Amino acid sequence: MIRNWIQRITLTDVIVWGVGILILTGVVWGSIVTLGIGKYSTATWIDLTISGLALGGVYALIALGYTLVYGILRMINFAHSEVFMSGPFTATFAAQALIAIGWWNRYPWLSLLIVMAVAAAVSSSIAILLERVAYRPLRGAPRLVPLITAIGASFFLQYTFRGLYGSGLKAYPEMEIFKGVWMLGSVRIFKTQAAAIVGAIVMMLILYGIVQYTKLGKAMRSVSEDKEVAALMGINVDRVITSTFALGGASAGVAGILYLLLFPVANFFMGFFPGLKAFTAAVLGGIGNVPGAFLGAMVLGLLESIGPNLFLDGLGVPAAGQLKDAIAFTILVFILIFRPSGILGERLTQTKA
Amino acid sequence: MSLLEVENIHTYYGNIQALRGVSLKVEKGEIVTLIGANGAGKTTTLRTISGLLKPREGHVKLEGEDLASYMAHEIVYKGVAMVPEGRGVFARLTVMENLEMGAFSLSNKEQINRNLERVFTLFPRLKERRAQVAGTLSGGEQQMLATGRALMASPSVLLMDEPSMGLAPVLVEVIFDTIQQINREGVTILLVEQNALMALGVAHRGYVLQTGEIVLSDSAEKLRKDPTVQKAYLGME
Ligand SMILES: Nc1ncnc2c1ncn2[C@@H]1O[C@H](COP(=O)(O)OP(=O)(O)OP(=O)(O)O)[C@@H](O)[C@H]1O
Ligand SMILES: [Mg+2]
């Protein structure tokens, strides 16, 4: 038994585990050093936690698109980052128009609802179009084929939007109501961050409710288990797939507006990093699993926000804050190696076709 | 005009021909069984009727209407429901959700509730287990669920693919009793079985399928007495 087990260990395993243990030790050591010297105040940690939660909320809404589509088609929609970009990028024009007619600060909630609706509608349409044009004709093709198409579609969308709106940065105007901070006791929270957290939670609950309790949601889950049997129930499988893309797109669109509240500039490339991180979050939580996407996104948001100060700093890494993106990708690589099933989900590598 | 009429269908998987001109009829109110050995094409016949496969030649007609232009999910709305081979319950959905999906084609709430009552009367076990995730049900319970789920659609024709597969003899008896019960309640049934003895026991008529062709058809009683059937499918010498 044990002999067998030892024989199966390869050099790669040893190296991989070695690196894993090294990184883990580094993280623990760095954290101890940082906390030991007491370099940061409690207030700083709280600030970082809050911004991590806000970021996590945004990632969660994007991650949902990856997870829903994967659940139904066993396919990773790598163009989802562009679905995310298209809505909010377009919504900056709606915001400008609302400023021009003087609504932006006179009716801020209505204006916010309008830009969210615009972003959701555009992202959703792009997602539907993507499925129709790029993925549907390839259904039944080997799994690598739609993956390559997705990457192609991703570039196509980036450059289409660059052509449409230009390559420069488009500012997302600030709203008076979101300026400044709220104090919750002694905890200081930026209003934009509070809005992002609340918005993400509300949207997440709505989406979870749809998937869990509506006829469409149950049909989606049925299709995700068995398309043929779903058809035998009278479910129009193609329509359910379209709805899934639409739902994921809308969620990404809303996420985009929340993202612009936090980082108020849009451009054609804005989808890349959040998209990749949301994908990491989806895999971390267990791809195909809705609560998992939420959990994974929150963990990733927190790690990315707190991590640089907590353990990179303690290890004496210079300019730790700039390495936050590296944290996400290190995590991605390591979950894919050690636990492809993520925290809650099924295995990414060996699922039924 | 028969309720269900299959006329000379030829169905292929890619280039492999699985059905070579199968014809059969099911009259309203009947239980008709389709028996045959492994690989004879029984499942393929049912899948062609339900629209999951399209025949390259021939027609499937429901009350005289050709179903060729309808997709599988549309055929459900015409009144054809299927209990697929291997049951095909949605393992991660609850029993109740599975049944709700069975009624996907219906929009009348009262009708859905009536059907649910009927299924729960037929299978009290499902009522007890309605909150349970279907993947954790026993094989027999899953068969009940698959059958109940199909009945939720208020079908006029029920296609059943080997409902006795993998069940203990006692449960097989129960399932066949239920099939007769469902039929008495007015549902026409096309029953695919390898358990020819049991199938011919409940059916009115039967067809024997061999390598994609119907080789025999008669009343169930006559088929039971047919020497070739006895030898090949009833295990008698
Ligand atoms: N997906 C498929 N691709 C290719 N050939 C198939 C496929 N499914 C079935 N066949 C072939 O078609 C023929 C008929 O198969 P079918 O499943 O209809 O038989 P069956 O009578 O239902 O058998 P069983 O009693 O084992 O369920 C067989 O020769 C089988 O190998
Ligand atoms: Mg079969």
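Preceding this section is the structure that the text describes.
Conventions used here
Residues numbered from 1 in each chain as written. Chains lettered and ligands numbered in written order. Predicted model: local features only at pLDDT ≥ 70, side-chain atom pairs only at ≥ 80, totals over all residues. Heavy atoms only, no water. Core = buried A, V, L, I, M, F, W, Y, C linked by side-chain atoms within 4.5 Å. Buried < 20%, exposed > 50% of the residue type's maximum accessible area, 1.4 Å probe, protein only. Helix = DSSP H or I, 4+ residues; strand = E, 2+ residues; numbered from the N terminus. Contact = heavy atoms within 4.5 Å. Near = heavy atom within 4 Å. Polar contact = N/O pair within 3.5 Å; in protein donor to acceptor, adjacent residues only side chain to side chain. Areas by Shrake-Rupley, 256 points an atom, 1.4 Å probe, with all protein chains shown as cover. Phe/Tyr/Trp six-rings, centres within 6.5 Å; stacked < 30°, edge-to-face > 60°. Lys NZ or Arg CZ within 6 Å of the ring centre and 35° of its normal. 1 Å grid on protein atoms, 1.4 Å probe; cavity = no way out; pocket = protein on both sides within 12 Å on 5 of 7 lines; lining within 4 Å. Points joined across faces, edges and corners; volume = space filled by probe spheres on them. Nonpolar A, V, L, I, M, F, W, Y, C, P; charged D, E, K, R; others polar. Donors = N, O, S within 2.8 Å, 3.2 Å for Na, K, Ca; no water.

S.K.: Report on the nonpolar core, specifying residues and quantitative values.
M.R.: Core analysis: the largest hydrophobic core is formed by 135 residues, its most contacted members being Leu61, Val115, Tyr172 and Ile235 of chain A together with Leu4, Leu159 and Leu190 of chain B. Among the elements that make up this core, the one with the highest residue count is helix α3 (residues 42-73) of chain A (18 residues). Leucine 61 of chain A has contacts with Ala200, Met203, Met204, Leu207, Ser251, Ala252, Val254, Ala255 and Leu258 of chain A, leaving out every residue within four places of it along the chain. Residues Ile35, Ala146, Ala199 and Val229 of chain B belong to the second largest nonpolar core, which totals 45 residues.

S.K.: Residue-level account of the site of ligand 1, with values.
M.R.: Residue and element names in this part refer to chain B. Taken together, 13 residues sit near ligand 1, with Asn38, Lys42, Thr43, Thr44 and Glu85 positioned nearest. Taking asparagine 38, its side chain carries an N or O atom lying 2.7 Å from an oxygen atom of ligand 1. The side chain of threonine 43 places a nitrogen or oxygen atom 2.6 Å from an oxygen atom of ligand 1. Protein contact buries 62% of the 640 Å² of open area that ligand 1 shows by itself. The leading source of residues in the shell around ligand 1 is helix α1 (residues 42-49), at three residues.

S.K.: So what's going on with the packing of aromatic side chains? Which residues, and what values?
M.R.: The tally for this structure, following the rule as stated, stands at 15 aromatic pairs over all chains. Judged by centre distance (5.6 Å) and plane angle (65 degrees), the rings of phenylalanine 161 of chain A and tyrosine 165 of chain A are edge-to-face. Placement of both phenylalanine 161 of chain A and tyrosine 165 of chain A in helix α6 (residues 144-165) is noted, with a separation of four residues, approximately one turn of the helix. Summarising the burial analysis for this pair, phenylalanine 161 of chain A and tyrosine 165 of chain A share the class buried. For the ring pair tyrosine 259 of chain A and phenylalanine 263 of chain A, a centre distance of 5.1 Å and an interplane angle of 50 degrees mean the geometry is tilted. For tyrosine 259 of chain A, a relative accessible area of 15% gives the class buried. What makes phenylalanine 263 of chain A partly exposed here is its relative accessible area of 39%. Through a chain of ring-to-ring contacts, three or more aromatic side chains come together here, namely Tyr159, Phe268, Phe269, Phe272 and Phe273 of chain A. Taking the ring centre of phenylalanine 104 of chain B as reference, the NZ or CZ of lysine 215 of chain A above it sits at 4.7 Å.

S.K.: Got a sec to walk through the layout of surface pockets? Specific residues and values, please.
M.R.: Residues and elements named next belong to chain A. Here the second largest pocket is characterised by a volume of approximately 610 Å³. Surrounding the second largest pocket, 22 residues form its lining, Ile23, Leu24, Val27, Ile331 and Phe334 being those nearest its centre. Of all elements in the fold, only α2 (11-37), α12 (290-312) and α13 (324-338) reach the threshold of two or more residues within the lining of the second largest pocket. When grouped by side-chain class, the residues that make up the lining of the second largest pocket number 18 nonpolar, three polar and one charged.

S.K.: How would you summarise the coordination of the magnesium ion (ligand 2) if you had to cite specific residues and measurements?
M.R.: All names here are of chain B. Coordination of the magnesium ion (ligand 2) by the protein is provided by Thr43 (OG1) and Glu85 (OE), with metal-donor distances spanning 1.9 to 2.5 Å. Placement of threonine 43 in helix α1 and of glutamate 85 in the loop between β6 (80-83) and α3 (95-102) is noted, with a sequence separation of 42 residues between them. By relative accessible area, threonine 43 is classed as buried at 18%.

S.K.: I'd like to hear about empty space enclosed by the protein, residue by residue, with values.
M.R.: Taken as a whole, this structure holds two cavities of 30 Å³ or more when the rule is applied. Computed from the structure, the largest cavity encloses a volume of approximately 40 Å³. Lining the largest cavity are Leu232 and Met233 of chain A together with Val76, Ala81, Met82, Gly102, Arg149, Ala150 and Ala153 of chain B. For the lining of the largest cavity, the elements supplying multiple residues, two or more each, are β6 and α6 (139-151) of chain B. Considering only enclosed or pocket space, the second largest cavity measures out at about 30 Å³ in volume. Lining the second largest cavity, in full, are Leu232 of chain A together with Ser50, Ile75, Val76, Val80, Ala81 and Met82 of chain B. If you list the elements that add at least two residues to the lining of the second largest cavity, you get α2 (72-77) and β6 of chain B. Counting residues per element, the lining of the second largest cavity draws most heavily on β6 of chain B, at three residues. Its residues assigned to classes, the lining of the second largest cavity comprises six nonpolar, one polar and no charged.

From the geometry alone we can't say anything about function, so treat these as descriptive.
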